[in-house]
Amino acid sequence: MDLIDGNQVAAAIIAELKAEVASLRGRKPCIALVRVGEDPASVSYVKKKEKTAAEIGITSRVILPPVTITQEELFALLDQLNADPTVDGILVQSPLPKHIDEVAVFRRVSAAKDVDGFNTLNLGKIAQEDPTGFVACTPAGIMELLARSGVDLKGKHVVVLGRSLIVGKPVALLALQKKAGANGTVTICHSQTKDLPAITRQADVLIAAIGRAEFVTADMVKPGAVVIDVGINRVADAAKKTGYRLTGDVNFATVSPLASKITPVPGGVGPMTVAMLMKNTVKAYRLQVAA
Ligand code: NDP
C-alpha cells in the first residue's frame, strides 16, 4: 500500500506558486478573505489561508464582519470587493450564520473572482469542460492528488460517496471529463443508494465524502483499489488534550492493507484544499491582468 501524502503534494504546489508569484512584476495577486463571526473552525481555516498566502507572496485582505451582519450588508461588501481592481479573488468562509442564505452569497461573488468555485457559472463550466472557470478547491485538490500520484482514471470505475455541491458532484464531473487523467466511469452514491457496499466493492477508485466517521470498512473495498478519504470528522478521544481526534470517512486501519493507494486523515485531501485556493487566486490574477 502506498500512502498518498497530501502535505508533501501541497508543499510542492505552494513552492511552484511561490516561484511563479516571485516572477510577477508590479502588483502581486490579492485574495480577500471574508469571515463572518467567530466560529472556531472558521477562525483556524482563515488563519491557515492567510499564512499560506503570505508564504507564497499573495497579498491577503482579511475582512471580519460581525455575526450580526445582514445579508444585504454582506452583499454590499461583496459588491465593493467585486468592483475593486486590486482584489483578484474573494473567499467567503463557510459556514455562514443561519440568517444568511449561503448559496445566494456564493452567487453574489463575481464569477471572475470566485476562487472557491461555488458560483453557478463556475460550477457550470466544469460540466462544459471550460478551462477558464474556477474549480472548487477540494475537488480540484483530489484530482491534483490523483494526477501527481500517477493515478490515471481512464476507463476506471470511480465511485463517489456523497453528492454535495462542494465535493461529491463536482469531483464526479471532473472524473468524468473527456481529458487526460480523467475519462472515468463514474457512479455517485448518497444516503438513498441501495446496497451501497455492492457498489463500492466495484470501485477501482473510491472517493469518500459523506461526513460519517470511519464509515467505509474493509468489506466495502475491492483489493487493490485507490481510496481517497475526504472526510474530516471529530471523534471523542479522552487521550487527547482537545478531547477529540480527527478521523476520515474511511476506517483506515482495516482498509489501508487492502488499498493500492490511500490518503490519510489528517494529511491527505485537507492540505490540498488550501493549496488549490492559492492556485485559483494566481489564476484569477492572471485572467484579471490579461483582461
Ligand atoms: P455534506 O454533508 O454536504 O454531504 C454529505 C453527502 O454524503 C450527502 O450527499 C449525503 O447524502 C451523503 N451521505 C450521508 N450519509 C450517508 C450514508 N450513510 N450513506 C450514503 N451517503 C451518505 O458533506 P460535504 O460534502 O460538505 O463533506 C463531506 C465530508 O468531507 C465531511 O466530513 C467534511 O468535513 C469533509 N470535507 C473535507 C474537506 C477537506 O478539505 N478535506 C472540504 C470539504 C468537506 P444525501 O445527499 O442523500 O443527504
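Preceding this section is the structure that the text describes.
Okay, so let's go over this structure. (Residues numbered from 1 in each chain as written. Predicted model: local features only at pLDDT ≥ 70, side-chain atom pairs only at ≥ 80, totals over all residues. Heavy atoms only, no water.)

## Structural notes on a nonpolar patch on the surface
A contiguous nonpolar patch, built from Met 1, Leu 3 and Phe 252 and spanning about 290 Å² of accessible area, is present on the exposed surface. Mapping Met 1 onto the fold places it in the segment before β1 (2-3). Residue class for Met 1 comes out exposed when judged on its relative accessible area of 51%. (Patch = residues over 30% accessible without salt bridge, like charges linked within 9 Å, V, L, I, M, F, W, Y side chains within 5 Å. Areas by Shrake-Rupley, 256 points an atom, 1.4 Å probe, with all protein chains shown as cover. Salt bridge = Lys/Arg side-chain N within 4 Å of Asp/Glu carboxyl O. Helix = DSSP H or I, 4+ residues; strand = E, 2+ residues; numbered from the N terminus. Buried < 20%, exposed > 50% of the residue type's maximum accessible area, 1.4 Å probe, protein only.)

## Focus on the sheet that holds strand β2 (residues 30-34)
Taken in spatial order, the three strands make up an open sheet running β3-β2-β4, and their pairing is parallel. The open sheet has two edge strands with one neighbour each: β3 (59-63) and β4 (89-92). Adjacent strand axes in the sheet meet at a mean angle of 20°, parallel and antiparallel pairs treated alike. Where β2 lies against β3, five bridges are found, and the strand directions are parallel. Following the sheet pairing, Val 34 is matched in β3 by Ile 63. Relative to β3, helix α2 (residues 40-56) is tilted by about 155°, and along the sheet it contacts β2, β3 and β4. (Pairing = 2+ DSSP bridges. Axes fitted to C-alpha atoms, helices over the stretch in contact; angles between N-to-C directions. Contact = heavy atoms within 4.5 Å.)

## Thoughts on the pairing of strand β5 (residues 157-161)
Most of β5 is tucked away, with five of its five residues classed as buried. The two faces of β5 match: His 157, Val 159 and Leu 161 on one face and Val 158 and Val 160 on the other face are all buried. Pairing of β5 with strand β6 (residues 185-189), which is carried by five bridges, proceeds in the parallel orientation. Among the inter-strand pairings, Val 158 is bridged to a residue of β6, identified as Val 186.

## Some thoughts on the environment of Leu 17
Structurally, the position occupied by Leu 17 is in helix α1 (residues 6-22). Residue Leu 17 is classed as buried on the basis of its relative accessible area of 4%. Placed 265 residues apart in sequence, Leu 17 and Val 282 show a C-alpha to C-alpha distance of 7.8 Å. When sequence neighbours within four positions are dropped, the list of residues in contact with Leu 17 reads Ile 56, Ala 275, Met 278, Lys 279 and Val 282.

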